[in-house]
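# An overview of the molecular structure
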Amino acid sequence: MLWLDVMHRRFGIEEFVNSLQRFDQLVYLHPDRSSVRLFRRIADYDNPVYAEDLKRVKSALDRITLPALYCDRLDFPSDYLLVLEEGVRQGGYHLTHVLLAWIWIQENGCEVDLADGFIEEMYHANAALINTDPIVTDLELEAAAFLCLAGQSELIDDAFLDRVISSQGIDGGWESSERWHTTVLGLLFLMHVEFPSDAYPPVLSPCPA
């Protein structure tokens, strides 16, 4: 739901205008998933957060992204630089989430003391996740979508677009073990291809005027 909100704000898709409200309804129905509430910041600048909230996060992927999501309000954890470096070394979804964290760090105007060449290495490592296999995977679509969000779409091979389109189902989705996740990523990627721009609205909802 939160990524649909991003697509509404970035591309004006009116069908996704109520995505935040739908997200809130889902969270209300599943109160046991309290950590999911923290990602509400994507669509609501004023979403509350406390330092203890981040200390309770257990997921390795969330430990990469959530500090970046709130870095304009809370200090980075003392080991955060190591978390980012290890994420790149691990590859896979850890790598794509480091890229997403970097996008949010920049949008929040935060600074992290990364090694020289780290960012370029991270961009190219994400691009390398997209191979030439005819089967389009969820991980490939995540890497492609996040590279587009980062303004690095030129790193994506043109042949990948053809593979994405040819693998799209008649209902507009993509088959995978988590179909909804893959389909959102596929739509996010294709929207950037269809509507290229040098100045997209930010991924994160901005501070209200």
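Predicted model, so just to flag it, every value in this text is computed and none were measured. Residue indices follow the written sequence of each chain, beginning from 1 at its first position. Reporting in this predicted model follows two pLDDT cut-offs: at least 70 for local features of residues, and 80 or more for side-chain atom pairs to be given and counted; totals over whole chains, interfaces and linings ignore these cut-offs and use all residues. In computing side-chain properties, one takes all heavy atoms of the structure into account and sets aside hydrogens as well as water.

Right, let's get into the overall build of the chain. Secondary structure elements are defined from DSSP: runs of H or I of at least 4 residues count as helices, runs of E of at least 2 residues count as strands, and each element is numbered from the N terminus. When its secondary structure is counted, the chain shows ten helices and zero strands. Along the chain direction, N to C, the helices and strands of the chain fall in the order α-α-α-α-α-α-α-α-α-α. Rg of the C-alpha trace for the chain: 17 Å, near the compact-globule value of 17 Å for 209 residues, within the 12% margin. Only heavy atoms matter for contacts: two residues are in contact if any of them lie within 4.5 Å across the pair. Put simply, of all contacts in the chain between residues at least 6 apart along the chain, 64% involve residues at least 24 apart. Per-residue and other accessible areas follow the Shrake-Rupley method at a 1.4 Å probe size, with only the shown protein chains counted as cover for residues. Carbon and sulfur atoms make up 54% of the accessible area of the chain, which totals about 11200 Å². Across the chain, the mean location of the 15 positive side-chain charges is 9 Å away from that of the 34 negative side-chain charges. Within these notes, the globule rule equals 2.2 Å times the number of residues to the 0.38 power, and the radius of gyration is based on C-alpha atoms. In this count, Lys and Arg are taken as positive residues and Asp and Glu as negative ones, while His and the chain termini are left out. Charge coordinates come from a single atom per side chain, which is NZ of Lys, CZ of Arg, CG of Asp or CD of Glu.

Secondary-structure assignment places histidine 97 in helix H6 (residues 92-107). According to the relative accessible area criterion, histidine 97 is buried, its value standing at 14%. Of note is the side chain of histidine 97, whose polar atom sits 3.4 Å from the side chain of glutamate 142. Excluding anything up to four places from it in sequence, histidine 97 contacts Leu61, Ile64, Thr65 and Glu142. Relative accessibility decides the category of a residue: with a 1.4 Å probe and only protein chains considered, values under 20% of the type maximum give buried, values over 50% give exposed, and everything between is partly exposed. Side-chain atoms alone can form a polar contact between residues adjacent in sequence; in general such a contact is a pair of N or O atoms within 3.5 Å, and within protein one must be able to donate a hydrogen while the other accepts it.

What follows deals with the packing of aromatic side chains. Whether two aromatic rings pair depends on their centres lying within 6.5 Å, for rings of Phe, Tyr and Trp, where Trp uses its six-membered ring; planes under 30 degrees apart make the pair stacked, over 60 edge-to-face, and the rest tilted. The final tally for this structure, using the stated rule, is five aromatic pairs. Their ring planes at 5° and their centres at 4.7 Å tell us that phenylalanine 76 and tyrosine 80 sit as a pair that is stacked. The buried category is assigned to tyrosine 80, whose relative accessible area is 2%. Aromatic side chains phenylalanine 160 and phenylalanine 189 sit 5.5 Å apart centroid to centroid with 55° between the ring planes, which places their arrangement in the tilted category. Placement of phenylalanine 160 in helix H9 (residues 158-166) and of phenylalanine 189 in helix H10 (residues 179-194) is noted, with a sequence separation of 29 residues between them.

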